[in-house]
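# Structure at a glance
One-letter residues, chain by chain:
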Amino acid sequence: MESKSPILNDDCDLTASSIPKSPTMAHTEEYDVIIVGAGFAGVHQLLNIRKLGLAAKILEAGNGLGGTWYWNRYPGKSIFNQFSLRLPEPISSGARVDSEMPIYQFSDPELWKDWTFSEYYPGWKEIQTYFRYVDKKLDVSRDVLYNSRVASAHWNDSVDRWTVTTEDGRVFRAQFLSLCTGIGAKHHIPEFKGIDTFEGEIHHASRWPEEYDFTGKMAGVIGTGSTGVQIIQEIAPVVAHLTVFQRTPNLTLPMRQRKISPEEQEQLKKDLYPIFYNRRNQTFSGLFYDLDPTPISDTTPEERTLAFEDHWEKGGLRFWLGTYKELFSNQAFNDEVYSFWRMKVRERIPDPHLQEKLAPMHPPYPFGVKQPSLEQRYYEVYSQSNVTLVDVSKAAIEEITPNGLKTGDGVEHKLDVLVLATGFDMVTGGITSIDIRGQDGIPIK
């Protein structure tokens, strides 16, 4: 049962209960705030709106909390870290965050004091478990309508309210509309010729089946962004053959994943959690480390190399967002950073031909202008005899055939399953997929 909204003040009653219902709106549900999306942002909005005493409803397309972590559930079994982590126990791979715990959770002490993660970079299953914990503790779901994809949101000048309609025909009205759709709400599938003729299975990374077994399959992966990297390193050990179609190499960084014990987290909660959460509001990245403002001209090559080594060994995004600030403004320094990255990566790739494809001598773009992905054993995968890397910048994808994928060099790559790690209609896709119209019916598009 939703909380009731009190009158805000004696002169201006802006609550849902104060709005007169017209006969045509008899079946319209009235709220102060409609929130679209039940990920971190949507749940955060709801919890804060409740504190104001306002009536709010989240409309969520999925069947559970989590936002992108409800949809992103591509492979995440345990793999033995033979290469970069130097740990004896299995570490899970697959879809996971790229921010260290405890950053990737709500900062409310009432929530973090009783919660512990099992890994330094939590995976999607643990994030979903975390949302269930939050739901149980704060009864989030009482104000969420699941399986409700928003089709339209139109502003009504006559009543100064939004009319929001879902795809299944339900209608809502509210003074405030909060779009918490995230940056990756709408997945992107390129218009590949012949995609409808493929006789195998096609799965987009963000629309993964709950259960899928790659064992013994001839698999292809299009895309080497963060999802592509995570899927590739996960399925390579079990497929009969894996063909990776890469347009641009991903300048990935070592994750340095590790298990984290409840005892270690309890100590962090006691000493550092409040500091971490305050610190993230002070940094460029929103993490608890920051860019170094020291001018490059005031440093020595030896000093910089030691800083590079330190960031590399600590792992995560430090090599990118904890380095010298001039990474983004000094091309000579940017080249120096890339040269160090290239050296570290090539050490893990024995084949000179693959070295040039994955870590070319000349940078494909300035280091750091695209977000680097985090990896656990990505580069070692390409030394496996059952893995082929296709450079589609030289042999473009011509068409999807009934039996696989044909590239511009005339080769047809036989496939049982095709994985589309082709990303999202980023940032605005979740918003523009809704028919949003403001004053005078002007569409947001």
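Residues numbered from 1 in each chain as written. Predicted model: local features only at pLDDT ≥ 70, side-chain atom pairs only at ≥ 80, totals over all residues. Heavy atoms only, no water.

## Regarding the overall build of the chain
Counting its regular elements, the chain contains 13 helices and 19 strands. At a minimum sequence separation of 6, the contacts of the chain that also span at least 24 residues come to 67%. About 20,900 Å² of surface is accessible on the chain, with carbon and sulfur atoms providing 53% of the total. (Helix = DSSP H or I, 4+ residues; strand = E, 2+ residues; numbered from the N terminus. Contact = heavy atoms within 4.5 Å. Areas by Shrake-Rupley, 256 points an atom, 1.4 Å probe, with all protein chains shown as cover.)

## Looking at the packing of helix α1 (residues 40-51) against helix α4 (residues 124-138)
As a packed pair, α1 and α4 sit with axes 12 Å apart at the nearest point and diverge in direction by 15°. What the angle tells us is that α1 and α4 run roughly parallel. The interaxial crossing formed by α1 with α4 has left-handed handedness. Across the interface between the two elements, F40, V43, L47 and R50 of α1 pack against I127, Y130, F131 and L138 of α4. Taken together, the residues of the contact of α1 with α4 sort by class into seven nonpolar, no polar and one charged. (Axes fitted to C-alpha atoms, helices over the stretch in contact; angles between N-to-C directions. Parallel < 35°, antiparallel > 145°, perpendicular 65-115°, else oblique. Left-handed = near helix turned anticlockwise from the far one by under 90°. Nonpolar A, V, L, I, M, F, W, Y, C, P; charged D, E, K, R; others polar.)

## Some points on the pairing of strand β15 (residues 397-401)
Inspection of the sheet shows β15 paired to strand β16 (residues 404-407) by four bridges, in the antiparallel sense. Among the inter-strand pairings, I397 is bridged to a residue of β16, identified as T407. Counted between consecutive antiparallel strands, the loop separating β15 from β16 contains two residues. (Pairing = 2+ DSSP bridges.)

## Observations concerning the sheet that holds β15
Strand order across the open sheet formed by three strands is β15-β16-β17, with antiparallel pairing between neighbours. One side of each edge strand has no neighbouring strand; the edge strands of this open sheet are β15 and β17 (412-414). Strand-to-strand twist in this sheet, taken as the mean axis angle between neighbours without regard to direction, amounts to 25°. Here β16 runs beside β17; their pairing, made up of three bridges, is antiparallel. Along β17, the bridge assignment pairs K406 with E412.

## Re helix α8 (residues 301-314)
The first and last C-alpha atoms of α8 sit 20 Å apart over 14 residues, in line with the 20 Å expected at 1.5 Å per residue. Within α8 the residues assigned to the buried category are R304, A307, F308, H311 and W312. Buried residues of α8, viewed axially, fall in a sector of 130°; they line one side. Exposed residues on α8 whose side chains face more than 90 degrees from its buried face are E302 and L306. Against the buried residues of α8 lie β12 (253-254), α9 (318-321) and α10 (331-346). Backbone geometry just downstream of α8 places G315 in the positive-phi region, at approximately 80°. (Expected span 1.5 Å × (residues − 1). Buried < 20%, exposed > 50% of the residue type's maximum accessible area, 1.4 Å probe, protein only. Arc of directions from axis to C-beta.)

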